[in-house]
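Single-letter residue listing:
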Amino acid sequence: MKPIPASEQRKVVERLMKACGGAYPPEVRRRYFISGPQWAAAYEGQALFHAPTRAPVSFEEVIRRYGEIGIGWWSTHDTDVIPTRALGTDEQWEILERIRKALAEAGVACSMVTTETFFHRVWAAGPAAESPQVRDYAAWRLKNTVKIGHELGASYAVYWPGSLGYLVQGAVEETQTLRWYAEALNAACRADIEIAAKRGRPTLKHCLEAKPFEPQGEILLPTSDAMLAFIDSGLLEHPEMVGLNPEYLHELMWGAAPRAALARVLLRGKLWHFDINDGYRLKHDVDIAVGLVNPLDWLNVLVLLRSHGYNGPFNLDYKPPRTTSNWGVFAVSFPTAVDRFITLWEMAGDVISDPVIQEATEALKAGGEPAGALDAEAIAEANKELLNLHELIAHRLVQILWGQHRGRHYVL
Ligand code: GLT
Ligand code: MN
Ligand code: MN
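Report on the accompanying structure.

Conventions and cut-offs
Every chain is numbered on its own, with residues counted from 1 as its sequence reads. Lettering of chains starts at A and numbering of ligands starts at 1, both following the order in which they are written. Selection of residues for local features in this predicted model requires a pLDDT of at least 70, selection of side-chain atom pairs for listing and counting requires 80 or more, and totals for whole chains, interfaces and linings are taken over all residues. Calculated side-chain values reflect all of the structure's heavy atoms, with hydrogen atoms and water omitted. Going along the chain from the N terminus, every DSSP run of H or I of four or more residues is numbered as a helix, and every run of E of two or more is numbered as a strand. Any pair of residues with heavy atoms lying within 4.5 Å of one another is described as a contacting pair. With residues, only the protein chains shown are counted as cover, and all accessible areas are computed by Shrake-Rupley using a 1.4 Å probe. Under the convention used here, Asp and Glu are negative, Lys and Arg are positive, and both His and the chain ends fall outside the count. Charge positions are represented by NZ for Lys, CZ for Arg, CG for Asp and CD for Glu. Metal donors: N, O and S atoms at distances within 2.8 Å, or within 3.2 Å for Na, K and Ca, with water omitted from the atom set so that some sites may seem incomplete. When accessible area is computed with a 1.4 Å probe and restricted to protein chains, residues below 20% of their type maximum are described as buried, those above 50% as exposed, and intermediate ones as partly exposed. Here a salt bridge means any side-chain nitrogen of Lys or Arg lying within 4 Å of a carboxyl oxygen belonging to Asp or Glu. Note on aromatic contacts: the rings of Phe and Tyr and the six-membered ring of Trp form a pair at centre separations within 6.5 Å, being stacked when their planes are under 30 degrees apart, edge-to-face when over 60 apart, and tilted otherwise. Two thresholds decide whether a charge sits over a ring: the Lys NZ or Arg CZ must be within 6 Å of the ring centre and within 35 degrees of the ring normal. Nearness is defined per residue: one heavy atom within 4 Å of the molecule or strand is enough. Residues adjacent in sequence count toward polar contacts only when both atoms are side-chain atoms; beyond that, a polar contact is any pair of N or O atoms within 3.5 Å, and within protein one must be able to donate a hydrogen and the other to accept it. Charged means Asp, Glu, Lys or Arg here, nonpolar means Ala, Val, Leu, Ile, Met, Phe, Trp, Tyr, Cys or Pro, and polar covers whatever is left, Gly included.

What to know about the overall build of the protein chain
Alright, step 1. A count of helical and extended segments in the protein chain gives 16 helices and 10 strands.
Alright, step 2. Each principal axis of the C-alpha atoms in the protein chain carries an extent, and together these give about 70 × 65 × 45 Å.
Alright, step 3. For the protein chain, contacts bridging at least 24 residues in sequence account for 76% of all contacts bridging at least 6.
Alright, step 4. When the accessible surface of the protein chain is split by element, carbon and sulfur atoms take 57% of a total near 20500 Å².
Alright, step 5. For the protein chain, the distance from the average position of its 42 positive side-chain charges to the average position of its 50 negative side-chain charges is 7 Å.

Here we look at the coordination of the manganese ion (ligand 3)
Think of it this way: four donors in a tetrahedron around the metal ideally sit 109.5 degrees apart, and six in an octahedron ideally sit 90 or 180 degrees apart.
Alright, step 1. Coordination of the manganese ion (ligand 3) by the protein involves E247 (OE), H250 (NE2), D285 (OD), D285 (OD) and D287 (OD), with metal-donor separations of 2.1 to 2.4 Å.
Alright, step 2. In this model, the manganese ion (ligand 3) sits 4.6 Å from the manganese ion (ligand 2), the two metals being bridged by E247. In this pair, H250 is assigned in helix α10 (residues 248-253) and D287 in the loop between β9 (274-275) and α12 (295-307), connecting sequence segments 37 residues apart. For the pair H250 and D287, a shared accessibility class is recorded, and that class is buried.

Let's talk about the pattern of salt bridges
Alright, step 1. Counted under the stated rule, the structure contains 23 salt bridges.
Alright, step 2. Between R65 and E68 there is a salt bridge, with its nearest N and O atoms 3.9 Å apart. Here E68 and R65 lie together in helix α4 (residues 59-69), a separation of 3 residues that amounts to about one turn.
Alright, step 3. As a salt-bridge pair, R264 and D225 come within 2.6 Å of each other at their nearest N and O atoms. Within this pair, whereas R264 is found in helix α11 (residues 258-267), its partner D225 is found in helix α9 (residues 224-231), the two being separated by 39 residues in sequence.
Alright, step 4. Beyond isolated ion pairs, a larger network of salt bridges with shared partners links E61, R64, R65 and E68.

Considering the packing of aromatic side chains
Alright, step 1. Enumeration over the complete set of coordinates arrives at 16 aromatic pairs.
Alright, step 2. Residues Y181 and F230 carry aromatic rings whose centres are separated by 6.1 Å and whose planes lie at 35° to one another, so their mutual orientation is tilted. You can see Y181 sitting in helix α8 (residues 174-199) and its partner F230 sitting in helix α9, a full 49 residues away along the chain.
Alright, step 3. An angle of 70° between the planes, with centres 5.2 Å apart, marks the rings of Y310 and F314 as edge-to-face.
Alright, step 4. Take F314: its relative accessible area is 5%, and that puts it in the buried class.
Alright, step 5. Put simply, the rings of Y248, F274, W298, Y310, F314, F341 and W345 pair up and form one aromatic cluster.
Alright, step 6. Taking the ring centre of Y280 as reference, the NZ or CZ of K283 above it sits at 5.9 Å.

Topic: the site of ligand 1
Alright, step 1. Residues in contact with ligand 1, as listed here, are W39, H77, T114, F118, W160, E209, E247, H250, D275, D285 and D317.
Alright, step 2. At 2.8 Å from an oxygen atom of ligand 1 is found a side-chain nitrogen or oxygen belonging to H77.
Alright, step 3. Interatomic distance of 3.0 Å between a side-chain N/O atom of D275 and an oxygen atom of ligand 1.
Alright, step 4. In the complex, the protein chains occlude 93% of the 310 Å² of accessible area that ligand 1 would expose alone.
Alright, step 5. When its residues are assigned to classes, the shell around ligand 1 shows 3 nonpolar, 3 polar and 5 charged.

A short note on unusual backbone geometry
Alright, step 1. Look at the link from E214 to P215: it is a cis peptide, with omega at -10°.
Alright, step 2. By the secondary structure assignment, P215 is in the loop between β6 (205-208) and β7 (218-219).
Alright, step 3. In this structure, E214 takes a positive phi of about 75° despite not being glycine.
Alright, step 4. Inspection of the secondary structure puts E214 in the loop between β6 and β7.
Alright, step 5. Judged by relative accessible area, which is 26%, E214 ranks as partly exposed.
Alright, step 6. We note that L282 has phi near 55°; this positive angle belongs to a residue other than glycine.
Alright, step 7. Mapped onto the elements, L282 comes out in the loop between β9 and α12.

Here it is in structure tokens:
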């Protein structure tokens, strides 16, 4: 095989990207409420056992590239863009001005802001640590993020309390820690009400995001279900302002059926924001791009969301793989992720309107002819053949995923 000089490699990648087909133009991609996180595009490939493989990239560059690709919304942590020491200072407001300019130039809007409460050493004991100074600082950081959100025109704030927990047992009292955590959220909601009123804007939608493990050994709010219980625990002053940002992989990580987890959040009216990615059950947070591991499950998830009128953001919270080129992050990783999502979303529409699935579903709901109401045998007999339709529906979903419902088949 002939070696490919580094100077020729982009051409190969570009040619093969084209050969794949199935790419949507930027204006079509912009029709979907898809947001690109600053931290996803700026991820340098580092991990516990991994040094960075890619050079740092500025928010100007990320926002510009998102605009070119057709990702119409952008999300960020406070410290993705503002150094910790500059938070709350004049420098913060100067940076925010630069962000506003970059967003306007790229035709991209800021959808969501989130507070980093896990990276800096001040969070060694988490945002609801025993130390009152740490907790006051956490509350201030949350309030400052709310300010940033309003300044940038965001509608959502996300909280991922991954450092709310412990590594060793017995020293941290769970009920107390959760009370302290609620205090920080209460401070954020109070500040939001005030700022929103001053600015004549609606308050933000405050969304909790669960993850079952990492970085703490034991997490106090490990699942979306735990967070729903927390919202309804009576600890929050404004439970109506607080909802959820489930992440697909974070539910899979603890062994859940993501679609069932999302259904429970939908029933409680708290599905406000959704982090989309993929990965494996009972493994760590690999954050693979949407649909690369579980496309069939993803199709089913989107059927649920489409049929319940979910209209919040789809946030591309994944990590472009540990490649060595920022060019590839924007030329391959983001466009393919967005296009797979759109295809899956459109397929979900096909599923909802598919005549086979519709008729099968209706037949199941119609049930068999009336039998003796208390006669188990007679009821089972009256419904005898209908249950075959479950597997038939599952088969049809796979056919739709493969495009077979449009006549595609292999001839041997
Ligand atoms: C961190 C986490 C993500 C969350 C981010 C929001 S932080 O990257 O792994 O799942 O969505 O704070
Ligand atoms: Mn996430
Ligand atoms: Mn994740």
